[in-house]
Amino acid sequence: MKILMLTWEYPPRIVGGIARVVHDLSKRLIKDGHDVTVVTYREGEMPYYENDKGVEVYRVDNYMIKPNNFIDWIMQLNFNLVAKASEIIAKEGKIDVFSMFDDYALYGDSRVYGFGSYGFLPWNNVFAAAGNTILNITDFNDQVKQINPSNLYFSYGVNDMGLDLKKEGGTYADLYEEKVKEVLKIVPKAHVFINSIIPPTAETLAENPRWDKANEYNTQLKAMCEKNGWTYIDVTSVTGNGDPEYYQADGVHFIRDIYPIWAQKMIDATINEEEHSK
C-alpha cells in the first residue's frame, strides 16, 4: 500500500508529540511492507527531500512571512502541504492519501458526503447524505453492523442548528450522545471521534442566523466527549475560521481542497488516540 501523510512536524523538527508519532508510525508501516511518503514543514536549512531509512520525506516552505496569527500561518502551511502532495501524486501515480483511514465508518451530512463524491473515501464507509442530521445516525445500523468498524467518526451540525435539534428536556449534545450510544450497541468496542461543527461564512450566517450556534453546540460536544471518554476533534480552523475562499458559493459547503486538510485532522486524532491507548 502507498501511504502519504501530511504533518506539521517530522524529525529533526520536534515541537510536540506528533513528530515522534508520525516518525514511529512511518517506520512500522515500512517494516510491514508499505511505501510511506511524508510531506512536512521545512525549517531552517533542512533539505527539501530526504530518504529517512525508507521513508520518503518532502519538506515545504511556508510563504506567509508575517502571518496575522498562528491560525493563518497554519492554514497557509496546510495548503502548501496539500499542493506538494498533489504534485507527488501527479508525478508518481496514485497514492492513497486517505489510507490511514482504516477500519472505520464516517457519519455525516452533505459536507461529509463530499469525502465520497470527490472520490477521497469509498462509499461503503461514508454514511452521509444531503439534509442528514444526528437523527439519521441510526439509519445506517445495518451497514455499520456489516463492516463492524473499529473507529466511528461523526460530523453533523448545520442542518441540526437549522432545526434547533435537542433532546426533550435536554440539550443538543444529550440527543447526539443518545444516537451515538445506539450505534455502540452494535459495535461496542469502537472508538468514537466527534468532529466540531464548522460554521458557515459570516455572510451566510447574517442571512441565516439560525445557523449561528456553532460555538454553543461545540462547547456541548466537547463536554459530551469528556464525559464519555470519546475524542473531540476541533476542525473549526480548516476553513480559516469562515474564510469564503474555502467555501462553495453557498457559504456552507466546502471546496475540494479542504477535504485532505480535514482528513489530516481526523488522522492526527486517531494516531493520538492509538498512542494514548497503549
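Our subject is the structure that appears above.
Here the structure is a predicted model, which is why all the values come from computation and not from measurement.

Undergrad: Would you explain the packing of aromatic side chains in this entry?
TA: Both the distance between ring centres and the angle between the ring planes are used here to describe each pair of aromatic rings. A complete count under the given rule lists 19 aromatic pairs for this structure. With centroids separated by 5.0 Å and ring planes inclined at 50 degrees, the aromatic side chains of Tyr 49 and Tyr 58 adopt a geometry described as tilted. Relative accessible area serves as the criterion here: at 38%, Tyr 49 is assigned to the partly exposed category. For the pair Tyr 259 and Trp 262, a centre-to-centre distance of 5.8 Å together with 35 degrees between the ring planes defines the contact as tilted. Taken as a pair, Tyr 259 and Trp 262 lie in helix α9 (residues 258–276) at a separation of three residues, close to a single helical turn. Every member of this aromatic cluster is reached through a ring pair, and the members are Phe 115, Tyr 118, Phe 120, Tyr 247, Phe 254, Tyr 259 and Trp 262. Arg 42 extends its terminal NZ or CZ atom over the ring of Tyr 48, reaching a point 3.9 Å from the ring centre. A cation over an aromatic ring shows up here: Arg 210 above the ring of Trp 211, its NZ or CZ 4.9 Å from the ring centre.

Undergrad: I'm lost on the sheet that holds strand β6 (residues 126–128) in this one. Help?
TA: In any sheet, the strands associate via hydrogen bonds between backbone groups, in a parallel or an antiparallel arrangement. Strand order in this open sheet of five strands is β6-β5-β7-β8-β9, and the pairing throughout is parallel. Two strands bound the open sheet, and with one partner strand each, they are β6 and β9 (231–233). Here the strands of the sheet are splayed against their neighbours by 20 degrees on average, with no regard to which way each runs. Pairing of strand β5 (residues 104–108) with β6 involves three bridges; the strand directions are parallel.

Undergrad: What exactly am I supposed to notice about the packing of helix α6 (residues 172–184) against helix α8 (residues 214–228) here?
TA: A pair of packed helices can be characterised by two numbers: the angle between their axes and the separation between those axes. It is at 9 Å that the axes of α6 and α8 come closest, and there the two elements cross at 45 degrees. Here α8 runs oblique to α6, going by the angle between their axes. You can see that α6 and α8 cross each other, and the crossing is right-handed. Of the residues in α8, those touching α6 at Tyr 172, Ala 173, Tyr 176, Glu 177 and Lys 181 are Tyr 217, Gln 220, Leu 221, Met 224, Lys 227 and Asn 228. In terms of residue class, the contact of α6 with α8 is made up of six nonpolar, two polar and three charged.

Undergrad: When you look at the pairing of strand β8 (residues 191–195) in this model, what are you seeing that I'm missing?
TA: Side-chain positions along a regular strand alternate between the two faces of the sheet. Burial analysis of β8 places four of its five residues in the buried class, the great majority of the element. Relative to β8, strand β7 (residues 151–155) runs parallel, the two sharing four bridges. If you follow Phe 154 over to β8, its bridge partner there is Ile 194. Across three bridges, the pairing between β8 and β9 is parallel. Across the sheet, residue Phe 193 finds its bridge partner in β9, namely Thr 231.

Undergrad: Looking at this structure, how should I read the side chain of Lys 213?
TA: One can find Lys 213 in the loop between α7 (202–207) and α8. Residue class for Lys 213 comes out buried when judged on its relative accessible area of 18%. Within the structure, Lys 213 has its side chain in polar contact with the backbone oxygen of Met 161 (distance 3.0 Å). At 3.4 Å, the side chain of Lys 213 and the side chain of Asp 164 are in polar contact. With near-sequence residues (within four places) excluded, Lys 213 lies in contact with Met 161 and Asp 164.

Undergrad: Before we go on, may I ask you to explain the environment of Val 21 in this structure?
TA: Considering the arrangement of structural elements, one finds Val 21 in helix α1 (residues 18–31). Separated by 173 residues in sequence, Val 21 and Ile 194 have C-alpha atoms that sit 21 Å apart.

Here is what the cut-offs are and how they apply
- Residues numbered from 1 in each chain as written.
- Predicted model: local features only at pLDDT ≥ 70, side-chain atom pairs only at ≥ 80, totals over all residues.
- Heavy atoms only, no water.
- Phe/Tyr/Trp six-rings, centres within 6.5 Å; stacked < 30°, edge-to-face > 60°.
- Buried < 20%, exposed > 50% of the residue type's maximum accessible area, 1.4 Å probe, protein only.
- Helix = DSSP H or I, 4+ residues; strand = E, 2+ residues; numbered from the N terminus.
- Lys NZ or Arg CZ within 6 Å of the ring centre and 35° of its normal.
- Pairing = 2+ DSSP bridges.
- Axes fitted to C-alpha atoms, helices over the stretch in contact; angles between N-to-C directions.
- Parallel < 35°, antiparallel > 145°, perpendicular 65-115°, else oblique.
- Left-handed = near helix turned anticlockwise from the far one by under 90°.
- Contact = heavy atoms within 4.5 Å.
- Nonpolar A, V, L, I, M, F, W, Y, C, P; charged D, E, K, R; others polar.
- Polar contact = N/O pair within 3.5 Å; in protein donor to acceptor, adjacent residues only side chain to side chain.

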